[in-house]
Amino acid sequence: MMSLSLSLSSPFAKHQYRGCVAAVARDGERRLYRKHQHHPLPEGKRRREQILICNGRILERRRRVKTTTTVYAKVTTSSSSSSSSSSSESVKRGETTQSLDVNAKRGKILLEKWSQKTQSFAELATVPLLAVTLPQILLNQQNIVQGNSHLLAGISYEGYACGCLGNLLLLSYFSAIDEPAGRNIQAIGVVNTVFLLSQLFFTGNCGDVNLATYAACVSVALFGVFSAYFKKQMFSDPTARENACALYERALGVVGYTFVPYILSHALFKTSTEVSQMLALGAFAIISLRCANDYFGWSEKKNVNFFALEQFMKVKWQTLMGWTATLLFSLLPIAQISTSTTDPSNIASLSLVAVVLGGAGNALMFARAWHIRDWCWSLGSFGGSAVGSWGVLLTMFNYGHKQVSWDVFAALSALYWGWVAFVMWYDDQCKKKANI
C-alpha cells in the first residue's frame with residue numbers, strides 16, 4: 001500500500017505528535033483534497049487548510065481564511081523522490097518570495113516615514129530663514145522711531161528688490177509643483193522683503209524710485225502671494241482665473257528672465273553697464289519670442305524651426321521661473337565672496353549669525369528637495385547653502401580670523417557636509433529597500 005507523507009521544511013511544521021504531522025497547505029498547489037471553488041474569496045485573501053496526516057489517512061482537517069499567504073506546502077507520495085525534491089524547491093521559493101515581500105513592505109514604510117521627516121525639515125526651515133530678515137526689520141524700525149532714519153541709507157534696496165523678485169519666481173514654481181513648505185517659505189520672504197523695502201521707501205532711502213513705481217511693485221508682489229493661496233476665492237470664474245494667473249506668470253517671467261542676466265553679469269563679471277544692458281536686451285528678445293510662440297502656436301507648426309530654442313519653447317513657465325530664480329540665488333553670493341577676497345575690510349560688515357541661519361534653512365530644505373529629486377530645488381538649496389553660506393563662511397575664516405576661529409569653522413563645516421552626505425546616503429538606502 002502506498003503511504004502518504006507531507007513534504008515540509010521545518011519552518012512550516014506546526015507540530016508532530018505520534019507520527020502525525022500537522023501542516024499548512026495553500027490553495028493552488030497539487031494535493032489530495034479538493035479545491036474550494038464554490039466560495040470564491042476577495043483578491044488578496046487565501047483559504048488555507050490545516051491537515052493532520054497519519055499512516056496515509058487524513059485524521060483532521062481545519063479550514064481558515066487569512067489575508068496573508070506565507071506558507072507553501074505540497075502533499076506528495078513517498079514513492080516519488082523527485083516530487084519530494086520539487087516540493088522542497090517550491091517551499092524555498094515561497095520562503096524567498098515571502099522574504100522579498102516583507103522586506104519591500106518594510107522598505108516602503110521606512111520610505112514613507114523618511115518622506116514625512118523631509119517634509120517636516122522643509123517646514124522647519126521657515127524658522128531660520130525668517131530669522132535672517134526679521135532682525136534687520138526690527139533694527140530699522142528702532143532707528144525710525146528714534147529719528148535715525150539716515151542710518152538706513154547704508155542698506156542696498158536693489159539687493160532686497162532682487163531677492164523679492166527671486167522669491168516671487170520661486171513662489172509660482174512651488175505652487176505649480178504643490179510643495180506647501182517651499183511655498184510658505186517664499187511667501188514669508190516676499191512679505192518680509194516688501195515690509196523692509198517700505199521702510200526704506202518712506203524714509204527716502206530708495207533712490208529715485210517714485211510712488212507709482214513703488215505701488216506697482218508692491219501690488220504685483222502681494223497679488224503673487226494671495227494668488228498662491230486664495231486663487232479660487234479671488235476668481236470665481238475659472239476662465240478669468242486662468243487668464244489672470246497666466247498673465248501674471250508671463251509678466252513676472254519676462255521681468256525675471258530679463259533682469260537676472262543683467263544682475264549676474266554686473267555682479268559676477270564686473271561688466272560695464274552697456275554690456276549688461278545688451279545681455280538684458282538679448283534675454284528680453286528671447287523671452288518675448290517665447291510669449292509670441294505661446295500666443296500664435298508656432299512651435300506646433302511643422303514649417304517653423306527654432307533650432308536651439310526648440311526645447312526652450314516647450315518648457316513650462318513655472319519651470320522657467322524656478323530655474324531663473326535658482327541661478328540668481330545660487331550665483332549671486334559669488335559676488336559677495338569676490339568682494340570679500342578683493343577687499344577683506346568688507347568682511348567686518350557680514351554677520352556670522354545671518355550666514356549660519358541662511359545656511360541652516362537651505363540645508364533643511366535640501367533634504368526635501370533631494371528626496372523628491374527636484375533638480376531645480378536641489379540645486380537652489382544646495383547652492384544657497386554651499387555657496388551663499390559655507391563659501392562666505394570660508395572667506396570669513398581665511399580673511400577675517402577675528403570673526404571666525406578655526407574651531408567654529410571646523411565644527412560648522414563638519415556639521416553641514418555631514419548633513420548633506422547623510423541626506424543623500426539615507427535617502428538612497430530608503431529607496432533601495434523599497435525597490436524604487
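None of these values were measured; they are calculated from a predicted model. (Residues numbered from 1 in each chain as written. Predicted model: local features only at pLDDT ≥ 70, side-chain atom pairs only at ≥ 80, totals over all residues. Heavy atoms only, no water.)

Peer 1: So what's going on with the overall build of the protein chain? Which residues, and what values?
Peer 2: The helix and strand inventory of the protein chain stands at 12 helices and six strands. Burial analysis of the protein chain (436 residues in total) assigns 40% to the buried set. Taking as baseline every contact in the protein chain between residues at least 6 positions apart, the subset at least 24 positions apart corresponds to 69%. Only carbon and sulfur atoms are counted for the fraction: they give 60% of the accessible area of the protein chain, which is about 24600 Å². (Helix = DSSP H or I, 4+ residues; strand = E, 2+ residues; numbered from the N terminus. Buried < 20%, exposed > 50% of the residue type's maximum accessible area, 1.4 Å probe, protein only. Contact = heavy atoms within 4.5 Å. Areas by Shrake-Rupley, 256 points an atom, 1.4 Å probe, with all protein chains shown as cover.)

Peer 1: Account for the state of the cysteines, naming residues and giving values.
Peer 2: Under the criterion given, the structure shown has zero disulfides. Its sulfur unpaired, Cys164 is 8.5 Å from the next cysteine sulfur, which belongs to Cys217. (Disulfide = S-S within 2.5 Å.)

Peer 1: Before we move on, could you go through helix H7 (residues 238-268) and cite the residues and values that matter?
Peer 2: For H7, with 31 residues, the first-to-last C-alpha span of 43 Å sits near the 45 Å given by 1.5 Å per residue. Remark: the principal bend of H7, roughly 25 degrees, maps to Phe259, with a proline, Pro261, within the next four residues. Just downstream of H7, Lys270 is the residue with a positive phi angle, here 55 degrees. (Expected span 1.5 Å × (residues − 1). Bend = angle between axes of the 7 residues up to and from the residue.)

Peer 1: Pulling in residues and values, what's your account of the pattern of salt bridges?
Peer 2: By the definition in use, this model includes six salt bridges. Arg373 is the partner of Asp427 in a salt bridge, and the nearest nitrogen-oxygen pair spans 2.8 Å. With Asp427 in helix H12 (residues 406-433) and Arg373 in the loop between helix H10 (352-371) and helix H11 (375-399), this residue pair connects regions lying 54 residues apart in the sequence. Taking relative accessible area as the criterion, Asp427 reaches 0% and is therefore assigned buried. Here Arg373 falls in the partly exposed class, since its relative accessible area comes to 28%. (Salt bridge = Lys/Arg side-chain N within 4 Å of Asp/Glu carboxyl O.)

Peer 1: Lay out the side chain of Glu179 with the relevant residues and their values.
Peer 2: Relative to the helices and strands, Glu179 is located in the loop between helix H3 (157-177) and helix H4 (180-202). Given a relative accessible area of 6%, Glu179 falls into the buried group.

Peer 1: For the packing of H4 against helix H5 (residues 211-229), give the residues involved together with the corresponding values.
Peer 2: Packing of H4 against H5 leaves a shortest axis separation of 10 Å and a crossing angle of 160 degrees. Classified by the angle their axes make, H4 and H5 are roughly antiparallel. As for how H4 packs across H5, the hand of that crossing is left-handed. Here Arg183, Asn184, Ala187, Val190, Val194, Ser198, Phe201 and Phe202 of H4 lie close against H5, whose contacting residues are Leu211, Tyr214, Val218, Ala221, Val225, Ala228 and Tyr229. Considered class by class, the residues forming the contact of H4 with H5 number 12 nonpolar, two polar and one charged. (Axes fitted to C-alpha atoms, helices over the stretch in contact; angles between N-to-C directions. Parallel < 35°, antiparallel > 145°, perpendicular 65-115°, else oblique. Left-handed = near helix turned anticlockwise from the far one by under 90°. Nonpolar A, V, L, I, M, F, W, Y, C, P; charged D, E, K, R; others polar.)

Peer 1: Outline the side chain of Arg183, listing residues and values.
Peer 2: In this structure, Arg183 sits in helix H4. No salt bridge is formed by the buried Arg183, whose closest oppositely charged neighbour, Asp178, lies at an N-O distance of 5.0 Å. The residues contacting Arg183, other than those within four sequence positions of it, are Leu171, Phe174, Ser175, Ala228 and Tyr229. (Lys, Arg positive; Asp, Glu negative; His and termini not counted.)

Peer 1: Please provide a residue-by-residue account of unusual backbone geometry, values included.
Peer 2: One non-glycine residue, Asp178, lies in the positive phi region at around 60 degrees. Tracing the sequence through the fold places Asp178 in the loop between H3 and H4. Using a relative accessible area of 57% as the deciding quantity, one classes Asp178 as exposed.

Peer 1: Residues and numbers for helix H8 (residues 273-296), please.
Peer 2: Its 24 residues place the ends of H8 34 Å apart at the C-alpha level, agreeing with the 34 Å of an ideal helix rising 1.5 Å per residue. Listing the buried residues of H8 in full gives Ser276, Ala280, Ala283, Ile287, Arg290 and Asn293. The inward-facing, buried residues of H8 contact H7 and helix H9 (317-342).

Peer 1: Break down the confidence of the model for the protein chain for me, with residues and values.
Peer 2: Parts of the prediction with low pLDDT should not have their coordinates interpreted in detail. Looking at the protein chain as a whole, the pLDDT averages 76, with 73% of positions reaching at least 70. For the protein chain, the element scoring lowest by mean pLDDT is strand E1 (residues 4-7), at 39; H12 scores highest, at 92. The model gives residues 1-47 a pLDDT under 50, and that stretch makes 104 contacts with residues more than four places away or in other chains. (pLDDT = per-residue confidence, 0-100.)

Peer 1: Talk me through the layout of surface pockets; I want residue IDs and the actual numbers.
Peer 2: Roughly 1000 Å³ of internal volume is contained in the second largest pocket. Around the second largest pocket sit 30 residues that line it, and Glu158, Ala161, Cys162, Leu165 and Cys217 are the ones nearest its centre. Counting only elements with at least two residues in the lining of the second largest pocket, the list comes to H3, H4, H5 and H7. Residues of the lining of the second largest pocket, tallied by class, amount to 24 nonpolar, five polar and one charged. (1 Å grid on protein atoms, 1.4 Å probe; cavity = no way out; pocket = protein on both sides within 12 Å on 5 of 7 lines; lining within 4 Å. Points joined across faces, edges and corners; volume = space filled by probe spheres on them.)

Peer 1: Help me get a handle on a nonpolar patch on the surface, residues and values and all.
Peer 2: Judged by side-chain polarity, Leu222, Phe226, Tyr229, Phe230 and Met234 come together as a nonpolar surface patch covering roughly 430 Å² of accessible area. For the nonpolar patch, the element with the highest residue contribution is H5, accounting for three residues. Looking at where Tyr229 falls in the secondary structure, it is placed in helix H5. (Patch = residues over 30% accessible without salt bridge, like charges linked within 9 Å, V, L, I, M, F, W, Y side chains within 5 Å.)

Peer 1: Can you break down the packing of aromatic side chains residue by residue, with the values?
Peer 2: With the rule as written, the count across this model stands at 25 aromatic pairs. Look at Tyr229 and Phe230: their rings are 6.3 Å apart centre to centre, the planes differ by 45 degrees, and that puts the pair in the tilted class. Classification of Phe230 as partly exposed rests on a relative accessible area of 41%. (Phe/Tyr/Trp six-rings, centres within 6.5 Å; stacked < 30°, edge-to-face > 60°.)

Peer 1: Break down the nonpolar core for me, citing the residues and quoting the values.
Peer 2: Formed by 37 residues in total, the largest nonpolar core has its most connected members in Leu168, Leu169, Val190, Val194, Leu200, Leu252 and Trp377. Where this core is concerned, the elements lending two or more residues are H3, H4, H5, H7, H9, H10 and H11. The biggest single contributor to this core is H4, with nine residues. Not counting the four nearest positions on each side in its chain, Leu200 is found in contact with Leu152, Ile155, Tyr157, Asn205 and Cys206. (Core = buried A, V, L, I, M, F, W, Y, C linked by side-chain atoms within 4.5 Å.)

Peer 1: Can you break down the environment of Leu139 residue by residue, with the values?
Peer 2: Note on placement: Leu139 falls in helix H2 (residues 126-145). On the basis of relative accessible area, Leu139 is assigned to the partly exposed category, the value being 41%. Residues Leu139 and Leu152, 13 residues apart in the sequence, show an inter-C-alpha distance of 9.5 Å.

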